[in-house]
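# Chains, contacts and geometry: an overview
Here is what each chain is made of, one letter per residue.
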Amino acid sequence: MPAAKGAMANPGGHRWVYDKKDPGIWAIVDDGCNSDCHGEAWRHNANEKLRGRGFRTVQTSLKKTSFKGLGQKSTNGKYMLPFALKLVESRTVLPGAINSHEMAGADHPLLLSQDTQAKLGFTKHMRKGTVAMDDYNGEHRDVVRQVGTGLFMIQIE
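Here's a quick rundown of the structure. (Residues numbered from 1 in each chain as written. Predicted model: local features only at pLDDT ≥ 70, side-chain atom pairs only at ≥ 80, totals over all residues. Heavy atoms only, no water.)

### Let's talk about the overall build of the protein chain
Applicable threshold: Helix and strand labels come from DSSP, where a helix needs a run of H or I of at least four residues and a strand needs a run of E of at least two; each type is numbered from the N terminus. Accessible area is worked out with a 1.4 Å probe on protein chains only. A residue is then buried under 20% of its type maximum, exposed over 50%, and partly exposed in between. Any two residues whose heavy atoms approach within 4.5 Å are treated as being in contact. Accessible surface is estimated by sampling points in the Shrake-Rupley manner with a 1.4 Å probe; for residues, cover comes only from the protein chains shown.
Each helix and strand counted, the protein chain has two helices and 13 strands in total. Buried positions account for 41% of the 157 residues belonging to the protein chain. Restricting the contact set of the protein chain to residue pairs at least 6 apart, pairs at least 24 apart contribute 62%. Total accessible area computed for the protein chain in this model is approximately 9100 Å², and 54% of it derives from carbon and sulfur atoms.

Below is the structure:
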């Protein structure tokens with residue numbers, strides 16, 4: 001079946017990344033997520049990658065939370081994750097940390113919530129597949145697509 005007029009299989013001609021095997025640490029820019037969350041297996045993978053850089057994740061809360069959406073999931077608590085964004089144009093690195101709920105037994109990457117995206121000043125252009133940062137003169141983040149889902153991801157270290 002031919003693609004609809006104006007439809008693009010890969011907006012922006014993005015590079016495809018298999019996040020579990022890539023040396024980078026990746027997060028999905030998720031508009032359907034109202035709380036930052038990540039899978040337990042993703043954290044283990046991220047910690048292996050962070051160890052070589054002198055960083056690690058830290059559990060900040062043991063309080064279990066239950067999320068409803070596509071099914072019902074329980075968490076292992078909250079973790080503080082090292083978080084840095086590199087701007088494309090100036091190559092400026094913006095360091096920080098993010099608090100994220102860990103989904104027990106899950107392996108999905110960090111999902112950046114709408115709230116976090118708003119606090120970071122993200123402006124997304126879905127047709128072009130770009131993410132700009134309002135507070136940094138509209139400089140862009142490098143955006144890739146996740147192998148298997150096609151979802152937009154950004155590197156966070």
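Here the narrative resumes.
### Points about the pattern of salt bridges
What counts here: We define a salt bridge as a contact between a side-chain nitrogen of Lys or Arg and a carboxyl oxygen of Asp or Glu at a distance within 4 Å.
Summed over the entire model, instances satisfying the criterion amount to four salt bridges. Of the charged contacts in the structure, one is a salt bridge between Glu102 and Arg43, with a shortest N-O distance of 2.2 Å. Here Glu102, found in strand S7 (residues 93-103), pairs with Arg43, found in helix H1 (residues 40-51); they are 59 residues apart in sequence, far enough to count as distant. Arg43 sits in the buried class, given a relative accessible area of 10%. Here Glu157 ties to Arg53 by a salt bridge, and the two come within 3.0 Å at their closest N and O atoms.

### As for the sheet that holds strand S11 (residues 139-141)
The cut-off we apply is this: One bridge is not enough; two strands pair if DSSP finds at least two bridges between them. In this analysis, axes come from line fits to C-alpha atoms, helices being fitted only over the stretch in contact, and the angle between any two N-to-C directions falls in the range 0 to 180 degrees.
Across the sheet, which stays open at both edges, the three strands sit in the order S9-S10-S11 with antiparallel pairing between neighbours. Edge positions in the sheet fall to strand S9 (122-125) and S11, since each has one partner strand and no second. Taken over all neighbouring pairs, the strand axes of this sheet differ in orientation by 35 degrees on average, direction set aside. Examined bridge by bridge, strand S10 (residues 130-133) and S11 share three bridges and lie antiparallel to one another.

### Remarks on the side chain of Asp30
For clarity, the cut-off: Positive charges come from Lys and Arg alone, negative charges from Asp and Glu alone, with His and the N- and C-terminal ends not counted.
By the element assignment, Asp30 lies in the loop between strand S2 (26-29) and strand S3 (37-39). In this structure, Asp30 is buried with no salt-bridge partner, the nearest side chain bearing the opposite charge being Lys124 at 7.9 Å. When residues no more than four places from it in sequence are discounted, the contact partners of Asp30 are Leu111, Leu112, Ser113, Gln114 and Gln117.

### A closer look at the side chain of Asn76
Condition: The term polar contact refers here to a pair of N or O atoms within 3.5 Å; inside protein, the definition further demands a hydrogen-donor-capable atom paired with an acceptor-capable atom, and it admits residues adjacent in sequence only when both atoms are side-chain atoms.
With respect to the secondary-structure elements, Asn76 resides in strand S6 (residues 71-86). For Asn76, a relative accessible area of 18% gives the class buried. A polar contact of 2.8 Å, which involves the side chain of Asn76, links it to the side chain of Glu102.

### Some details on the pairing of S9
Strand direction decides the pairing type here: S9 and S10, joined by four bridges, are antiparallel. Residue Lys124 lies in a different strand from S10, and its bridge partner there is Val131. A loop of four residues connects S9 with S10, the two strands running antiparallel in sequence, and Gly129 in this loop sits at a positive phi of about 70 degrees.

### As for unusual backbone geometry
Positive phi, normally seen in glycine, also occurs at Arg91, with a value near 65 degrees. Residues other than glycine seldom take positive phi values, yet Asn137 does so here, at roughly 55 degrees. Taking relative accessible area as the criterion, Asn137 reaches 79% and is therefore assigned exposed.

### With respect to the nonpolar core
Nonpolar side chains tend toward joint burial in soluble globular proteins. Rules: What makes a nonpolar core is a set of buried Ala, Val, Leu, Ile, Met, Phe, Trp, Tyr and Cys residues whose side-chain atoms join them at distances within 4.5 Å.
Core analysis: the largest hydrophobic core is formed by 22 residues, its most contacted members being Leu110, Leu112, Ile154 and Ile156. Among the secondary structure elements, those contributing two or more residues to this core are S2, H1, S6, S7, strand S8 (110-112), S10 and strand S13 (152-155). Counting residues per element, this core draws most heavily on S6, at four residues. Counting residues in each nonpolar core, the second largest holds eleven residues, with Ile28, Met103, Val144 and Met153 among its members.

Any functional reading would require information that these geometric values do not contain.
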